[in-house]
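# What the coordinates show
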Amino acid sequence: MKKALKTLSLTLWGIVLLMGATSCKKEKTEDEPVGEMMRIEASVDNHNGNEKTSILNDGKVVWDRNDKISLCSGMTASPFRLADEPGSPTSVFVGSRPGKAPYYACYPYDAVRTENGFTFEILDDQSDITVNAGPMAAYSPEGKSVKFENTLSWLKIGLKGNALVKKVTLEDKNGGKLYGSLNVKLKDLEKMNKGLDED
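The sections below set out a description of the structure shown in this document. Given the structure is predicted, the values throughout are model-derived calculations rather than measurements.

This part covers the nonpolar core. Grouped burial of nonpolar side chains is what soluble globular proteins tend to show. Residues Ile-40, Trp-63, Ile-69, Leu-71, Phe-93, Val-146 and Phe-148 are the most contacted members of the largest nonpolar core, which totals 18 residues. Broken down by secondary-structure element, the contributors of at least two residues to this core are strand S1 (37-44), strand S4 (68-73), strand S5 (76-82), strand S7 (103-107), strand S10 (136-140) and strand S11 (145-150). Here this core takes four residues from S1, the largest share from any one element. Val-146 has contacts with Ile-40, Glu-41, Ala-42, Ser-43, Leu-71, Ala-105, Ala-138 and Ser-140, leaving out every residue within four places of it along the chain. Judged by nonpolar contacts, the second largest core, of 13 residues, contains Phe-118, Ile-122, Ala-137 and Leu-186.

Shown next, in the form of C-alpha cells:
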C-alpha cells in the first residue's frame, strides 16, 4: 500500500511539474504585455504631396525632433516619440505598447480616436505649415512598421508679377468652409494599405 501511495504521489508531482512547465512555456509565446516599451518604424510618403513634419529645400518630407505619433490598438491609444536623429523620412518611434496588432496610427498624435477612425481639427489659418500640421494616418496589420499617408491635399498657387497677396480664402462650391473637423475612417486606411502592398 505504501509503495502504491508513493507511486501515486510521484505521478501527481510529475503531473504538477509538467503543468507548471507547460504554463511557463505558454507565457513566453503570448503577446508582449500592454504598457511595455516598444519600437516601431514610421515612414512618410514623399510621392503624394507635402506633409508637415519638416520639408527640406528639395521638397523631401522628414521627421522633426519634436514629432510624436499616436499608435492605437482598438480604442487604446499611446503617444510615441521620435527615437532616431531627426531628418529622415523613415525613423524609429518609441512608446508604451497600446495592445496587440493590428495598429492604426495618426500624426499629429493628439487627433481624437473615435469608434470608426480619427478626427483631426483643421485650423482656418493654414499660413504656417510648421504649426498647423498636415494630418496623416496609417494602418499596420503586422505591427512592425507604419507608412503614413496624407489625409488632405495641399494647394499650391503659382503667381506671376510683383503683386502682394495678403490672403487667400478657399470655399467649397456652396460657399462652405474648408476647415474644422476631418474624419478619417479606419476601413479607408485598411483599403489604402492594401493598395500600397500591391505597388
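Attention now moves to the sheet that holds S11. Strands sit in the order S1-S6-S5-S4-S7-S10-S11 around a closed barrel of seven strands; the barrel is mixed. Strand after strand, the sheet turns through a mean of 30° between neighbouring axes, direction not considered. With seven bridges joining them, S1 and strand S6 (residues 90-96) adopt antiparallel strand pairing. Among the inter-strand pairings, Met-38 is bridged to a residue of S6, identified as Gly-95.

All right, on to the sheet that holds strand S9 (residues 117-122) then. One open sheet holds the three strands; their spatial order is S8-S9-S12, and the pairing between them is antiparallel. Of all the strands in the sheet, just strand S8 (112-113) and strand S12 (180-185) have a single pairing partner and so form its edges. As defined by bridge partners, S9 adjoins S12 across six bridges and the pair is classed as antiparallel. Of the residues in S12, the one forming a bridge with Glu-121 is Ser-181.

Cut-offs and rules
Residues numbered from 1 in each chain as written. Predicted model: local features only at pLDDT ≥ 70, side-chain atom pairs only at ≥ 80, totals over all residues. Heavy atoms only, no water. Core = buried A, V, L, I, M, F, W, Y, C linked by side-chain atoms within 4.5 Å. Buried < 20%, exposed > 50% of the residue type's maximum accessible area, 1.4 Å probe, protein only. Helix = DSSP H or I, 4+ residues; strand = E, 2+ residues; numbered from the N terminus. Contact = heavy atoms within 4.5 Å. Pairing = 2+ DSSP bridges. Axes fitted to C-alpha atoms, helices over the stretch in contact; angles between N-to-C directions.

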